[in-house]
Amino acid sequence: MKKIIATLLFLNILTVIQAQRLESKIPNNIDVLVSANAENLFKLIEVSDIDKNAIGKEILKDLNRDNNIYRVESVVESESDEKKEDSKDIEERKKVSSVANAGIDIKSNAYYFFSKTDSISYHNFYVELKDRELFESMLSKRNKKKIRRMEGYNIIEGRSDIRIWNDNYLLLVNGDASRGYFSTHKERLDKLKEEGEFGYNFRKRIGKDWTKKYVLDLFNKNVIMSIATNKKFQKSKKKNASATLWIRNYGMLMTDLFKSFGGYLYPMYAEGGNQNIYGVEEVTANLFFDKSDARILLDMSVSSDMKKSFKKIYNKKMSSNLVNSFDHDKALAFWSISIDTEETLKEYPELLHKMYGGILPKFQEEMELVGDLFSLVIDEKAVGRLVTGDALLVLNDFSKQEVEYTTYEYDKDYKRKEVTKTKEEFIPDFTLMIGSEEEDLLNKFFKLGEKHKAVEIENNVVKFKTKKSDIPFDLYSVVKNDVLYLTTSKTNALSIASGNNNFNTKKHSKLVRDNSTVLFVDVNAVLNKIPNKWMSKSEKEAMRFSTDNLNDGVFRVSRMKGNTISSELKISTQGTEENTLKLLLEFINTVAK
């Protein structure tokens, strides 16, 4: 028993070490990392599934085209049958018949990572090689001529990218020198220009020199502190995830990028501060392909100085008056958002100062003054009563409607004549609900609109007077139970006004009230409503496949828990395939036909 446990422990450790081989070569100070978990992916599909897929076929086609390899279908008639077979066998061995036979170990993890300095940014791709010679044989003739054999590595230098590899690893790097940096340090850098060299070519040459030094250091030197030792990144990888995204500090990354491009486009941004302007720090995302749904889970860590403001703004439950105002079983789609308007307005001056003061440090005093004036002018409590921060948009149905439009015709003398025609349009039937505790004020507003003939009021239902040329549908409004309703359906408006609503409201109630934002789409129901007579053959095939296999899609953003805001995008299917990754490959094949 002890031997069995020891063996299992050894195999587990070996698996972890194998998975971290490339991670130990990736520096710890990178900004963004995307890792593809080969073990989890190939639990879901086989290599042959990729080969048979439209994407795999296109890859194989490109590989074989680059090498001018073609299968010999006929040979000289004078050759013997034995020679014919020998000739075919030779050509058959040369032809790449699987993506697994291109020299790259597709069953090991692959990594993309992004790193930057104030002068240049690098896009990096790291993979393991299974067969160096086979990989090199896949290169085009032009690239084969560019290979330089060095001690311990091989390298190809492109215009802005570099490929470097040995028997075990392949690293591809694309460097992009910062325009803002070259603009800010123009006087110093101009001394490095060669005679007759212009700005673009100069920046390319210097950037290429920097990239080459970066690549050689990264590939040939041992990384003292690697991402393999980064506890935050290791924790971000979820069990069974097919891919993981990790961003060290989203706010600082955006600040740096803004300064890099902003300084070039707008000189006043060049001296931007080093503040986290969005208040978001670490961001992680994981992709899952389960039996009946595909999911992306995303977590955002909020900085300590923004945490207090975010909690006040987003930690609010939607009023049940809105949640219970539509039939959950019949809705084709809906979008809900719930924030605290009063707290948002109270926190706005501080957020304005932190965000824009960080981008424009020279104007911090001006930003502070704007915030103070905002607080002085705006009555946060009054506005918070008028618009509570709850909003819910529901797509009820679609309808066909004849609408008029103006066009021109020409007679036999080519004289233009204006004519009015009709056409059939696809009109959405929707209801928008906005939380408001100022019913009296809103009713006064509509009474004033009636006085000026902008609206009509009957049975407590307001009808807006609109031109069909401006809005191709009627619009009605009702104010009831601390909710302002705007709807395209007169029947729905009368039902709301009279209180004769008998909706099924259990299906999505918990989803809406437990999250600050929700977007729901009944994919199957929506697609069945869309006319397809103007669609192409491939669009019809994609639509047919979707209705046969998909159920619904949900995007949700949670309220804050600790200092984390979580979100999820989930596409639910009918479970017709073993898993949703296989279904995705089948969908790609359907669209590619």
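The shown structure was predicted, so the numbers you read here are calculated from the model rather than taken from an experiment.

A. Quick peek at the packing of aromatic side chains. This structure, assessed with the given rule, holds 19 aromatic pairs. Ring centres of F446 and F464 lie 6.1 Å apart, and the angle between their planes is 80°; on these two criteria the pair is classed as edge-to-face. Linking F446 in helix 18 (residues 439-451) with F464 in strand 15 (residues 461-464), this pair joins segments that are 18 residues apart in sequence. Taking the relative accessible area as the measure of exposure, F464 reaches 22% and is therefore partly exposed. Between the NZ or CZ atom of K25 and the centre of the ring of F219, over which it lies, the distance is 5.8 Å. Seen from the ring of F42, K107 lies directly overhead, with NZ or CZ sitting 5.6 Å from the centre.

B. Quick peek at the packing of helix 22 (residues 537-549) against helix 23 (residues 580-592). Their axes nearest at 8 Å, the elements helix 22 and helix 23 cross at an angle of 155°. Here helix 22 is positioned roughly antiparallel relative to helix 23, judged by the angle of their axes. With respect to the hand of their crossing, helix 22 and helix 23 are arranged in right-handed fashion. Where helix 22 abuts helix 23, its residues S538, E541, A542, R544, F545, S546 and N549 lie against L583, E586, F587, T590 and V591.

C. Representation of the pattern of salt bridges in the model. Applying the stated rule across the entire model yields 28 salt bridges. The closest approach of N and O atoms between K312 and E347, which form a salt bridge, is 3.4 Å. With K312 in helix 13 (residues 304-314) and E347 in helix 15 (residues 341-359), this residue pair connects regions lying 35 residues apart in the sequence. Given the relative accessible area of 32%, K312 is considered partly exposed.

D. Expanded view of a nonpolar patch on the surface. On the surface, a cluster of nonpolar side chains totalling about 540 Å² of accessible area is made up of I296, W335, L393, L519, F555, L569 and I571. Relative to the assigned elements, L519 resides in strand 18 (residues 515-521).

E. Summary view of unusual backbone geometry. Phi angles above zero are rare outside glycine, and K453 is one such case at about 60°. Mapped onto the elements, K453 comes out in the loop between helix 18 and strand 14 (455-458). Accessibility expressed as a relative area gives 62% for K453, which makes it exposed. Even without glycine at this site, N481 takes up a positive phi of about 55°. As for its position among the elements, N481 is in the loop between strand 16 (476-480) and strand 17 (483-487).

Cut-offs and rules
- Residues numbered from 1 in each chain as written.
- Predicted model: local features only at pLDDT ≥ 70, side-chain atom pairs only at ≥ 80, totals over all residues.
- Heavy atoms only, no water.
- Phe/Tyr/Trp six-rings, centres within 6.5 Å; stacked < 30°, edge-to-face > 60°.
- Helix = DSSP H or I, 4+ residues; strand = E, 2+ residues; numbered from the N terminus.
- Buried < 20%, exposed > 50% of the residue type's maximum accessible area, 1.4 Å probe, protein only.
- Lys NZ or Arg CZ within 6 Å of the ring centre and 35° of its normal.
- Axes fitted to C-alpha atoms, helices over the stretch in contact; angles between N-to-C directions.
- Parallel < 35°, antiparallel > 145°, perpendicular 65-115°, else oblique.
- Left-handed = near helix turned anticlockwise from the far one by under 90°.
- Contact = heavy atoms within 4.5 Å.
- Salt bridge = Lys/Arg side-chain N within 4 Å of Asp/Glu carboxyl O.
- Patch = residues over 30% accessible without salt bridge, like charges linked within 9 Å, V, L, I, M, F, W, Y side chains within 5 Å.
- Areas by Shrake-Rupley, 256 points an atom, 1.4 Å probe, with all protein chains shown as cover.

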